[in-house]
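Architecture at a glance
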Amino acid sequence: QVQLVESGGGLVQAGGSLRLSCAASGRTFSTYVMGWFRQVPGKEREFVAAISGLGRSTEYADSVKGRFTISRDNAKNTVYLQMNSLKPEDTAVYYCAARRTWSKVRMEYDFWGQGTQVTVSS
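For clarity, every value in this text was computed on a predicted model and none was experimentally measured.

**A look at the pattern of salt bridges**
Any two side chains of opposite charge can pair, on the condition that their charged atoms come close. The full count for this structure, using the stated rule, is five salt bridges. The partner of Glu59 in a salt bridge is Lys104, with the nearest N and O atoms 3.0 Å apart. Of this pair, Glu59 sits in strand β6 (residues 58-60) while Lys104 sits in the loop between β9 (92-99) and β10 (111-112), and the two are 45 residues apart along the sequence. On the basis of relative accessible area, Glu59 is assigned to the partly exposed category, the value being 28%. A salt bridge links Asp90 to Arg67; the shortest N-O distance between them is 2.7 Å. Here the residue Asp90 occupies a position in the loop between β8 (78-83) and β9, and Arg67 occupies one in the loop between β6 and β7 (68-73), the gap between them amounting to 23 residues. Grouping residues by exposure puts Asp90 and Arg67 together as buried.

And the structure:
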């Protein structure tokens with residue numbers, strides 16, 4: 001079982017930056033693929049980024065490529081999402097998630113945090 005707690009959301013102006021953090025419980029954090037997803041009301045939760053257990057592989061949604069960076073610190077059991085050049089369309093609740101093997105598919109992730117709100121004003 002993995003428990004995930006996101007933090008770092010907030011209100012920011014367009015063009016600004018935020019860094020989200022997701023702290024995980026447990027001693028096997030490095031064995032999990034970690035993903036970030038986001039959801040706006042009335043829409044499905046969508047993939048944002050993923051990172052492999054040792055951080056050697058990453059992948060991004062086209063909509064955030066070049067602006068967002070996913071990283072992890074296994075010594076701190078934490079995964080990050082650095083978000084730069086934010087746009088109003090990035091406004092959403094952001095969730096981190098964990099699973100054992102590589103995937104970008106929301107339904108394949110086993111463990112989820114409670115989410116953190118990111119609001120980008122124009």
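Here the narrative resumes, following the displayed structure.
**A short note on the environment of Tyr80**
Relative to the helices and strands, Tyr80 resides in strand β8. On the basis of relative accessibility, which here comes to 13%, the residue Tyr80 falls in the buried class. Between the C-alpha atoms of Tyr80 and Asp110, which are 30 residues apart in sequence, the distance is 19 Å. With near-sequence residues (within four places) excluded, Tyr80 lies in contact with Arg19, Leu20, Ser21, Trp36, Thr69, Ile70, Ser71, Arg72 and Asp73.

The rules behind the values
Residues numbered from 1 in each chain as written. Predicted model: local features only at pLDDT ≥ 70, side-chain atom pairs only at ≥ 80, totals over all residues. Heavy atoms only, no water. Salt bridge = Lys/Arg side-chain N within 4 Å of Asp/Glu carboxyl O. Helix = DSSP H or I, 4+ residues; strand = E, 2+ residues; numbered from the N terminus. Buried < 20%, exposed > 50% of the residue type's maximum accessible area, 1.4 Å probe, protein only. Contact = heavy atoms within 4.5 Å.

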